[in-house]
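Residue strings, one per chain:
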Amino acid sequence: MSAPEGSPNPHPRMYGDLARWWPLISPVEVYEGDAHTAAGLFAAAEGPVRTVLELGSGGGHTAFHLRSRYTMTLVDLSGEMLDVSRALNPGVEHLLGDMRDLRLGRSFDAVLVHDAIDYMTTEEELAAAFRTTYRHCRPGGVAVFFPDHLRETYEPSTEWGGEDAADGSGVRYLEWGLPAEPDGHTVRTEYTFTLREADGTVRTAHETHVTGLFTAAVWTRLLGEAGFEVSTATESGGDGEPTRTMFVGHRPTE
């Protein structure tokens, strides 16, 4: 997951010089459930799904759980995150690119966009990402989107976590999602990291991420304008978490 050029946070350190810590910040096993959900939603495609393009693939943690079932092509804006993914997913195609304007000149049975879609902070950026997705989705294929939040369901929250590595290094982080502005279309999240190197050296890092916050109606309208037939799937949050909505775009046969 990486933010696009021109966004309020175009080069987040989390996906840049801190990318090597990603497996400890957001471990690969956390993504198994979402990968299972994505595979189930791919069933909306007409015909079998064999090839999958993932836009904003980040460290490759979702792809790790899908690569045995599909031929994956992974695209991300961060070269550092692609390096993390290549180590985890050897033999999988990795490409540097921006989901707003990527043009590969080929289509796929399914396109997956996980929470990297959150870094689209305007309707124009969101629409551009949808056009890219449509362009790379074959007729009869599907595109699946996993936004973290919709305006209707967003709630400020505080999360924390992190893990240790076998070499003695480790990470602890605090994620503080702030209240959304009443009429705004973005939300701010503050991240603080405490990083321990294998030699015991400890340092801290802080940064602010600004992400998009749109209504379900905006999502549905923009996906429709891109050419998709739109449906949704919901997933109940556990432990008081809000319900999550996934969007499925079906590209009609021509």
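Residues numbered from 1 in each chain as written. Predicted model: local features only at pLDDT ≥ 70, side-chain atom pairs only at ≥ 80, totals over all residues. Heavy atoms only, no water.

Colleague: Lay out the packing of aromatic side chains with the relevant residues and their values.
Modeller: Summed over the entire model, instances satisfying the criterion amount to nine aromatic pairs. Between the aromatic rings of F130 and F145, the centroid separation amounts to 5.1 Å while the plane-to-plane angle is 70 degrees, which identifies the pairing as edge-to-face. With F130 in helix α5 (residues 123-136) and F145 in strand β5 (residues 137-145), this residue pair connects regions lying 15 residues apart in the sequence. Exposure remark for F130: the relative accessible area of 0% places this residue in the buried category. You can call F145 buried: its relative accessible area is 0%. Centroid distance Y134 to F228: 5.1 Å. Interplanar angle 80 degrees. Geometry classified as edge-to-face. On the criterion of sequence distance, the pair formed by Y134 in helix α5 and F228 in the loop between α6 (216-226) and β10 (229-235) is long-range, its members being 94 residues apart. By way of ring pairs, the aromatic residues F130, F145, W219 and F247 are connected into one cluster. The cationic tip of R251 hangs over the ring face of Y134; the distance from NZ or CZ to the ring centre is 4.2 Å. (Phe/Tyr/Trp six-rings, centres within 6.5 Å; stacked < 30°, edge-to-face > 60°. Helix = DSSP H or I, 4+ residues; strand = E, 2+ residues; numbered from the N terminus. Buried < 20%, exposed > 50% of the residue type's maximum accessible area, 1.4 Å probe, protein only. Lys NZ or Arg CZ within 6 Å of the ring centre and 35° of its normal.)

Colleague: Please provide a residue-by-residue account of the pattern of salt bridges, values included.
Modeller: A full pass over the atoms with the stated rule returns 15 salt bridges. With its nearest N and O atoms 2.5 Å apart, the salt bridge here joins R244 to D34. In this pair, R244 sits in strand β11 (residues 244-250) while D34 sits in helix α2 (residues 32-41), placing the two residues 210 residues apart along the sequence. When sorted by exposure, R244 lands in the same class as D34, which is buried. E225 is paired through a salt bridge with R221; the nearest N and O atoms lie 3.5 Å apart. Highlighted residues: E225 and R221, both in helix α6, separated by four residues, approximately one helical turn. On the basis of relative accessible area, E225 is assigned to the exposed category, the value being 57%. (Salt bridge = Lys/Arg side-chain N within 4 Å of Asp/Glu carboxyl O.)

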